[in-house]
Amino acid sequence: MEFDAVIVGAGAAGMTAALTAARNGLSAVVIEKAPVYGGSTARSGAGIWIPNNEVLLAAGVPDTFSKADTYLAAVVGPEVSTARRHAFLVNGPKAISFLLRWTPLRFSWMEGYPDYYPELAGGMPNGRSIEPRALDANILGAEKANLNPSYVPTPAGTVVYDVDYKWLSLIARHPRGLATATEIVLRYLSLSAQGQDPISMGQALAGGLRAGLLAAGVPVWLNTPLLDLHMENGRVAGVVASRDGQEVLIRARRGVVVGSGGFEHNERMRKQWQAAPIGTEWTVGASTNTGDGIEAGRRQGAALGLMDDSWWGPMIPLPDGPWFCLSERTLPGTIFVNQAGKRFVNEAAPYSDVVHVMYEKQHIPCWMIVDQDYRNRYLFKDLAPLLPFPADWYQAKDWTISGLASKIGVPSAALRSTVDRFNAQARAGRDGDYHRGDSSYDAYFADPTNIPSPCLAPIWLPPFYAFKIVPGDLGTKGGMVTDARARVLRPDGTVIPGLYAAGNASAAVMGHSYAGAGSTLGPAMTFGYTAGMDLATT
Ligand SMILES: Cc1cc2nc3c(=O)[nH]c(=O)nc-3n(C[C@H](O)[C@H](O)[C@H](O)COP(=O)(O)OP(=O)(O)OC[C@H]3O[C@@H](n4cnc5c(N)ncnc54)[C@H](O)[C@@H]3O)c2cc1C
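These lines cover the structure that appears in this document, whether it is placed above or below. (Residues numbered from 1 in each chain as written. Predicted model: local features only at pLDDT ≥ 70, side-chain atom pairs only at ≥ 80, totals over all residues. Heavy atoms only, no water.)

Observations concerning the sheet that holds strand E3 (residues 48-49)
So, step 1. Within the open sheet, the 3 strands sit side by side as E3-E5-E4. Their pairing is antiparallel. What marks the edges here is a single partner per strand, and that holds for E3 and strand E4 (107-109).
So, step 2. Here E3 pairs with strand E5 (residues 129-132) via 2 bridges, running antiparallel. Along E5, the bridge assignment pairs Ile48 with Ile130.
So, step 3. Each of E3, E4 and E5 touches helix H8 (residues 201-216); the most contacted strand, E5, lies at about 75° to it. (Pairing = 2+ DSSP bridges. Helix = DSSP H or I, 4+ residues; strand = E, 2+ residues; numbered from the N terminus. Contact = heavy atoms within 4.5 Å. Axes fitted to C-alpha atoms, helices over the stretch in contact; angles between N-to-C directions.)

Listed below in structure tokens is the structure:
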């Protein structure tokens, strides 16, 4: 029970840290609380935002350190130190190169998926996010069965990438929609004809990292939760964990990396740190992420930061769980209204920003209003265009806007006038109130065939529908404060010897913002890699 490095949590941060430590000559073990590995990483879309990496450069993306630095500084603001920002930008590309060398993971540029603030200096309207290519799950052997399932299972007989969603949602509108639907089937057929069991997105990312650990001989102990950190002479010298029903001490000669995710499923912590209304029912993060690592670090004096924030996104509370409302919200023919029946936000803004406004102005819940024309045009969740919405998905349906208003308890005249005003703006192609469509980000999950603006369409064809919208998240983003080497700091800025944190167990390098698709996984992998390197080299 003694290793050079003990890593807590088998998500992107933990598995990258363990692989880095192992491939740099250390003995390492990953302890994982769940009966499966992968955490939220396996559930995710696996978009990865790491500027200026070799995959982007090979694809011809004109990125540089300096462009990315200018952009990131403007996005995250002064809350995050320059040293940490630079550590992310310098080590991120190295982490990608390292994973290309030591895992079967291969990545593609998510061409056209813009940075979330593409008009800022250094921002990229064509995007600088990457995602894993399909991975053959057979290489995992018996570990294939232990991979945490994804949040959105891809339909049988398809291989779907993040960049496909935009076009799939336009299947009834754009020739590329049908072409993409055909392509995802052909992709599957071609890979399965070669004897593969192809997996994609978060499944591919977590599976690929796990395959890297298998090849490096790093054990991943499932059902082994961290209970506490073990201290010796003022340094973290191991962990106390539960294994096979017994409390065990696992010593770490060099140090411990905490990659145990956020606290999204810890009701007490959410209420303690975050604004009301808050709970655990609106998150889509892994159910085992209950902040254990953050609390263990705190007991040893770790400073905590950004605990009030999360990787927010508007959610529709559906009977089988919250639905992360992305393209459904930004396609034309939708508005969000508050309890007063008024719009209050650019509905197509980055998801984190929309929820920040919901909390600031206390518009919780709010309502997404759509019409039958919208239903006829676009994919909604996994429901094909034209098919009726299941009655338990929406809060109200009515043949008039006034009738809809009274069913959701908002003033009828206000909602009528909001819809009239929005419709006039949509017909003119310009949202003078909230500037929806002004940023090229807004136009990503939109409809290029919609005229005059891809982002705006009137709400006119009855029946009308109202969906309840609540502030959900992909996980929390507050945790232990770390330095540029991923070492955990005390409130006075001194280092807790032997303790590292990465991913959602640490306070995010993104601050309160979200730079582009993959802004949680990119830093998680980068600081996992940084911690592994630091353990190996100091
Ligand atoms: C549906 C969905 C889509 C997403 N899409 C994207 C995307 O495209 N791009 C992006 O950047 N982000 C995305 N995210 C967010 C992203 O997945 C997470 O922020 C990221 O996976 C966090 O990585 P992590 O390594 O910190 O935590 P996780 O991947 O959650 O791993 C933490 C692990 O620690 C384990 N653990 C917890 N407590 C203990 C304990 N006491 N002892 C041992 N182990 C413990 C957990 O069981 C878990 O396996 C998405 C999330 C979801 C849910």
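From this point on, the discussion continues.
Thoughts on the pairing of strand E18 (residues 464-476)
Consecutive side chains along a regular strand alternate between the two faces of the sheet.
So, step 1. E18 sits mainly inside the fold: 11 of its 13 residues count as buried.
So, step 2. The pairing of strand E13 (residues 310-318) with E18 spans 5 bridges and is antiparallel. For Ser310, the partnering residue across the bridge sits in E18 and is Thr476.
So, step 3. Bridge count for strand E16 (residues 366-371) against E18 is 6 bridges, and the pairing is antiparallel. Looking at E18, one finds that Asp371 is bridged to Phe464.
So, step 4. In the sheet, strand E17 (residues 396-398) pairs with E18 via 3 bridges, with the strands oriented antiparallel. Bridging from a neighbouring strand, Lys397 pairs with Tyr465 of E18. (Buried < 20%, exposed > 50% of the residue type's maximum accessible area, 1.4 Å probe, protein only.)

Overview of the packing of helix H14 (residues 401-408) against helix H15 (residues 412-428)
So, step 1. Put simply, H14 and H15 touch, their axes get as near as 8 Å, and they point 130° apart. Comparing the axis directions of H14 and H15 gives the class oblique. Considering the relative orientation of H14 and H15, their crossing is right-handed. Residues Ile401, Ser402, Ala405 and Ser406 of H14 form the contact with H15, whose own contacting residues are Ser412, Leu415, Arg416 and Val419. (Parallel < 35°, antiparallel > 145°, perpendicular 65-115°, else oblique. Left-handed = near helix turned anticlockwise from the far one by under 90°.)

Quick look at the site of the ligand
So, step 1. Lining the immediate environment of the ligand, one finds 35 residues, of which Glu32, Thr41, Thr288, Thr520 and Leu521 sit closest.
So, step 2. Interatomic distance of 2.6 Å between a side-chain N/O atom of Thr41 and an oxygen atom of the ligand.
So, step 3. For the ligand, a nitrogen atom lies 2.8 Å from a polar atom in the side chain of Asp292.
So, step 4. Within the complex, the protein chains bury 96% of what would otherwise be the 1000 Å² of accessible surface of the ligand. (Near = heavy atom within 4 Å. Polar contact = N/O pair within 3.5 Å; in protein donor to acceptor, adjacent residues only side chain to side chain. Areas by Shrake-Rupley, 256 points an atom, 1.4 Å probe, with all protein chains shown as cover.)

Quick word on unusual backbone geometry
So, step 1. The omega torsion of the bond from Ala276 to Pro277 falls at -5°, within 30 degrees of zero and hence cis.
So, step 2. Relative to the elements of secondary structure, Pro277 occurs in the loop between helix H9 (267-273) and helix H10 (292-299).
So, step 3. The step from Ile364 to Pro365 runs through a cis peptide bond, and the omega angle for that step is -5°.
So, step 4. Its place among the elements puts Pro365 in the loop between helix H12 (351-360) and E16.

Remarks on the pairing of strand E2 (residues 28-31)
So, step 1. Burial of the side chains of E2 extends over both faces: Ala28 and Val30 are buried on one face and Val29 and Ile31 on the other.
So, step 2. Each parallel crossover has a hand, and for strand E1 (residues 2-8) linked through helix H1 (residues 12-23) to E2 it is right-handed.
So, step 3. Relative to strand E8 (residues 220-221), E2 runs parallel, the two sharing 2 bridges. Residue pairing in the sheet places Val30 in a bridge with Val220 of E8. (Right-handed = clockwise from strand over helix to strand, strands pointing away.)

Some points on the pattern of salt bridges
So, step 1. Scanning all chains against the criterion turns up 27 salt bridges.
So, step 2. For Arg85, the salt bridge is made with Asp69, and the minimal N-O distance between the two is 3.5 Å. Of the two residues, Arg85 is situated in helix H5 (residues 82-102) and Asp69 in helix H4 (residues 65-76); the sequence distance between them amounts to 16 residues. Accessibility assignment for this pair places Arg85 and Asp69 in one class, buried.
So, step 3. A salt bridge links Arg270 to Asp473; its shortest N-O distance comes to 2.8 Å. Residue Arg270 is located in helix H9, and its partner Asp473 is located in strand E18; the two are separated by 203 residues in the primary sequence.
So, step 4. For Arg270, a relative accessible area of 0% corresponds to the buried category.
So, step 5. A cluster of three or more residues bridged by salt bridges with shared partners is formed by Arg343, Glu347, Asp431 and Arg436. (Salt bridge = Lys/Arg side-chain N within 4 Å of Asp/Glu carboxyl O.)

Looking at a nonpolar patch on the surface
So, step 1. A surface patch of nonpolar side chains, about 250 Å² in accessible area, is lined by Val185, Leu186 and Leu189.
So, step 2. By the element assignment, Leu189 lies in helix H7 (residues 175-193). (Patch = residues over 30% accessible without salt bridge, like charges linked within 9 Å, V, L, I, M, F, W, Y side chains within 5 Å.)

Quick notes on the side chain of Glu264
So, step 1. Looking at where Glu264 falls in the secondary structure, it is placed in the loop between strand E11 (246-258) and H9.
So, step 2. Among buried charged residues, Glu264 stands out as having no salt bridge; its nearest opposite-charge side chain is Arg270, 5.9 Å away.
So, step 3. Among the polar contacts listed, one links the side chain of Glu264 to the side chain of Asn289, at a separation of 2.9 Å.
So, step 4. Residues within four places of Glu264 in sequence aside, it is in contact with Ser40, Arg270, Gly279, Thr280, Thr283, Gly285, Ala286, Asn289, Asp473, Leu474, Gly475 and Thr476. (Lys, Arg positive; Asp, Glu negative; His and termini not counted.)

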